[in-house]
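Here are the chains, one letter per residue:
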Amino acid sequence: MLTIQKVERIEGRISVPGDKSISHRAVMLLGISRGSGKIDGFLPGEDCLGTIRCLRQLGVEIEQHDSVVVVHGRGRRGLTKPEGVLDVGNSGTTMRLMAGILAGQDFACTVTGDASLLTRPMDRIAVPLRLMGADIGGTGDNDSPPLRIQGKSLKAIDYILPVASAQVKSAILLAGLYADGETTVRETVPARNHTECMLEYLGAQISMSDGQTTVRKSDLEARDIHVPGDISSAAFFIAAAAALPGSHLIIENVGLNPTRTGIIDVLRDMGADIAIENLVLDHGEARGDLIVRGKALHGTTVSSEMIPRLIDEIPVLAVIAGLAEGQTRILGAGELRVKESNRIASLVSELSKLGMTIRELPDGLEIEGPSCVRGAVVESYGDHRMAMALAIAGLFAQETVKVRDSRCINVSFPGFEHVLQSIVN
Ligand code: S3P
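How each quantity is defined
Residues numbered from 1 in each chain as written. Predicted model: local features only at pLDDT ≥ 70, side-chain atom pairs only at ≥ 80, totals over all residues. Heavy atoms only, no water. Helix = DSSP H or I, 4+ residues; strand = E, 2+ residues; numbered from the N terminus. Buried < 20%, exposed > 50% of the residue type's maximum accessible area, 1.4 Å probe, protein only. Contact = heavy atoms within 4.5 Å. Core = buried A, V, L, I, M, F, W, Y, C linked by side-chain atoms within 4.5 Å. Salt bridge = Lys/Arg side-chain N within 4 Å of Asp/Glu carboxyl O. Phe/Tyr/Trp six-rings, centres within 6.5 Å; stacked < 30°, edge-to-face > 60°. Pairing = 2+ DSSP bridges. Axes fitted to C-alpha atoms, helices over the stretch in contact; angles between N-to-C directions. Domains from an automatic or database assignment. Buried area = accessible area lost by both parts, 1.4 Å probe. Polar contact = N/O pair within 3.5 Å; in protein donor to acceptor, adjacent residues only side chain to side chain. Nonpolar A, V, L, I, M, F, W, Y, C, P; charged D, E, K, R; others polar. Near = heavy atom within 4 Å. 1 Å grid on protein atoms, 1.4 Å probe; cavity = no way out; pocket = protein on both sides within 12 Å on 5 of 7 lines; lining within 4 Å. Sits in = over half its atoms within 2 Å of the grid points.

Description of the side chain of Ser371
No. 1: For Ser371, the position within the fold is in the loop between strand 25 (364-369) and strand 26 (376-379).
No. 2: According to the relative accessible area criterion, Ser371 is buried, its value standing at 15%.
No. 3: Every residue in contact with Ser371, bar those within four places of it in the chain, is listed here: Gly322, Leu323, Gly355, Met356 and Thr357.

Points about the nonpolar core
No. 1: Formed by 82 residues in total, the largest nonpolar core has its most connected members in Phe237, Leu267 and Phe416.
No. 2: Ranked by the residues each element gives to this core, the list is headed by helix 7 (residues 231-243), at 11 residues.
No. 3: When residues no more than four places from it in sequence are discounted, the contact partners of Phe416 are Leu2, Phe236, Phe237, Met388, Ala391, Ile392 and Ile409.

Some points on the pattern of salt bridges
No. 1: Applying the stated rule across the entire model yields 29 salt bridges.
No. 2: One salt bridge in this structure joins Arg343 and Asp312, with 3.9 Å as the shortest N-O distance. You can see Arg343 sitting in helix 10 (residues 343-353) and its partner Asp312 sitting in the loop between strand 22 (301-302) and helix 9 (314-323), a full 31 residues away along the chain.
No. 3: The class for Asp312 is buried, based on a relative accessible area of 11%.
No. 4: Here the residues in one salt-bridge network are Arg192, Asp312, Glu340, Arg343, Asp383 and Arg385, joined through shared partners.

Looking at the packing of aromatic side chains
No. 1: According to the stated counting rule, one finds 4 aromatic pairs in the structure shown.
No. 2: Considering the side-chain rings of Phe236 and Phe416, the 6.2 Å spacing of their centres and the 75° angle between planes classify their relative orientation as edge-to-face. With a gap of 180 residues between them, Phe236 in helix 7 and Phe416 in helix 12 (residues 416-423) connect regions that are remote in the sequence.
No. 3: For the pair Phe237 and Phe416, a centre-to-centre distance of 5.5 Å together with 20° between the ring planes defines the contact as stacked. Of this pair, Phe237 sits in helix 7 while Phe416 is found in helix 12, placing the two residues 179 residues apart along the sequence.
No. 4: Among the residues examined, Phe237 registers a relative accessible area of 0% and is labelled buried.

Let's talk about the sheet that holds strand 9 (residues 135-139)
No. 1: Reading across the sheet, the 4 strands line up as 7-8-10-9 and stay open at both edges, with mixed pairing between neighbours. Across the chains shown, the open sheet's two edge strands, defined by having one partner strand only, are strand 7 (86-87) and strand 9.
No. 2: As judged from the 4 bridges shared by strand 9 and strand 10 (residues 144-150), these two strands associate in the antiparallel manner. Looking at the pairing, Asp135 lines up with Gln150 of strand 10.

Focus: the sheet that holds strand 14 (residues 182-186)
No. 1: Strand order in this open sheet of 4 strands is 12-14-16-15, and the pairing throughout is mixed. With one partner strand each, in any of the chains shown, strand 12 (158-160) and strand 15 (206-209) form the two edges of the open sheet. Averaged over all neighbouring strand pairs, the angle between strand axes comes to 10°, with direction disregarded.
No. 2: In this structure, strand 12 lies alongside strand 14, joined through 3 bridges in parallel fashion. Each residue of the ladder has a partner; that of Ile160, found in strand 14, is Arg186.
No. 3: Relative to strand 14, helix 5 (residues 166-176) is tilted by about 170°, and along the sheet it contacts strand 12, strand 14 and strand 16 (212-216).
No. 4: Where helix 6 (residues 194-201) meets the sheet, it contacts strand 15 and strand 16, and its direction lies at approximately 140° from that of strand 15.

Some remarks on the domain arrangement of the protein
No. 1: We note that the domain assignment places domain 1 (2-17 + 228-423) and domain 2 (20-226) within the protein.
No. 2: Each of domain 1 and domain 2 has a C-alpha centre, and these two points are 28 Å apart.
No. 3: With 27 residues of domain 1 at the contact, the number on the domain 2 side is 26 residues.
No. 4: Between domain 1 and domain 2 the total buried area reaches about 2400 Å² when both faces are included, carbon and sulfur atoms providing 51% of it.
No. 5: Our count for the contact surface shared by domain 1 and domain 2 stands at 3 salt bridges.
No. 6: Its salt-bridge partner being Arg124, residue Glu335 comes within 2.8 Å of it at the nearest N-O pair.
No. 7: The interface formed by domain 1 and domain 2 includes 14 residue pairs in polar contact (both at pLDDT 80 or more).
No. 8: Among the secondary structure elements, those contributing two or more residues to the side of domain 1 that touches domain 2 are strand 21 (285-293) and helix 11 (384-394).
No. 9: Here the side of domain 1 that touches domain 2 is built from residues that sort into 7 nonpolar, 8 polar and 12 charged.

Some points on the site of the ligand
No. 1: Near the ligand the following residues occur: Lys20, Ser21, Arg25, Thr93, Arg96, Ser165, Ala166, Gln167, Arg192, Ile311, Asp312 and Lys339.
No. 2: Here an oxygen atom of the ligand sits 2.8 Å away from a polar atom, N or O, in the main chain of Ala166.
No. 3: At a separation of 2.7 Å, an oxygen atom of the ligand approaches a polar side-chain atom of Lys339.
No. 4: For the ligand, the cavity whose grid points lie within 2 Å of the majority of its atoms is the largest pocket.
No. 5: Those elements giving two or more residues to the shell around the ligand turn out to be helix 1 (20-31), helix 3 (92-102) and helix 5.
No. 6: Tallying contributions element by element places helix 1 first for the shell around the ligand, with 3 residues.

And the structure:
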């Protein structure tokens, strides 16, 4: 249980652990590359450690010391049939991206996960992978895990993504590395492009133009990878500092890939003062320092085109919207219902307990601010981002807020409580 008290302001200079999406991809792509590559800034959270475990079971030699990882790649065709089932815990990213790689191997395996992952839809990857010739299946109508994958020879497809999802896009592109012909994925609203950036950096035959990515069967050459701090983790502190007048927070080395910076744009729309300094570009990934100054914020409307650029930040955005003056509407965000918890239902239930005025919409949320936040015992639903968003709400509450089942924070942000303690006074 995490216990949080009200604070007057937030002040300090921090950094946050490595980007989860990039850390997963770095281990997977180096695992199927030729040669060895070092990853620094790797996120040693439970999800990404699960990806390392999975690749080791597939025969890849990996050394890991905290945030430094060395992967000795086996080449595109070098993975070996695992002993037993691959258990990826809570990580949807590991399951969906690995399914793309496993679909093209010459062995069969089964991928499973924890109770939350067993409820999540896998038909979104199973359908396009079957079109490529894959033999893949889960349980029930939505192919939920465990997933059985029998590797096959694959053929290219040209696929329009029915949901804006980087995990689906990535699964298809990774399978495309094994497929005959040109595999194309088309998206109407661009989702995060870390897979594309890393494939290009490691020498894949890939081309990207307006909403369309094409990959050909190609081998990857290992290179060192630098992982920036995760903007999705930084978001908890960016949002808290932005909404607390008198705060001054510097967050160093944050990943600023434009497909991920929606939270900065929306908070600025709400009146936030957020500056970016020391911007650099590293193998296609931007990073820089953020300087946040606190002030009173006002409500806004977040429309569906923005959602993929801040999908994981909506829990903390909902908290901040409850503190802002006026109404905030978050629309076109139905995907929140199939995340680590049903985040629309979880947010409505738990923020209401804190005295916030929040309503469920079929595909989003409507929040009326400003609320006077009261103390309560709230539930994380075993969802790491819910737990951290509720902890941030506690910083603004009149009485103590207790977040139950907060251990899940280790999925993406080991050390969250310690960083939080360092900036409150
Ligand atoms: C991720 C993509 C997003 C995001 C998840 C990580 C990724 O999921 O919510 O936390 O690393 O590709 P979807 O692609 O399903 O939207």
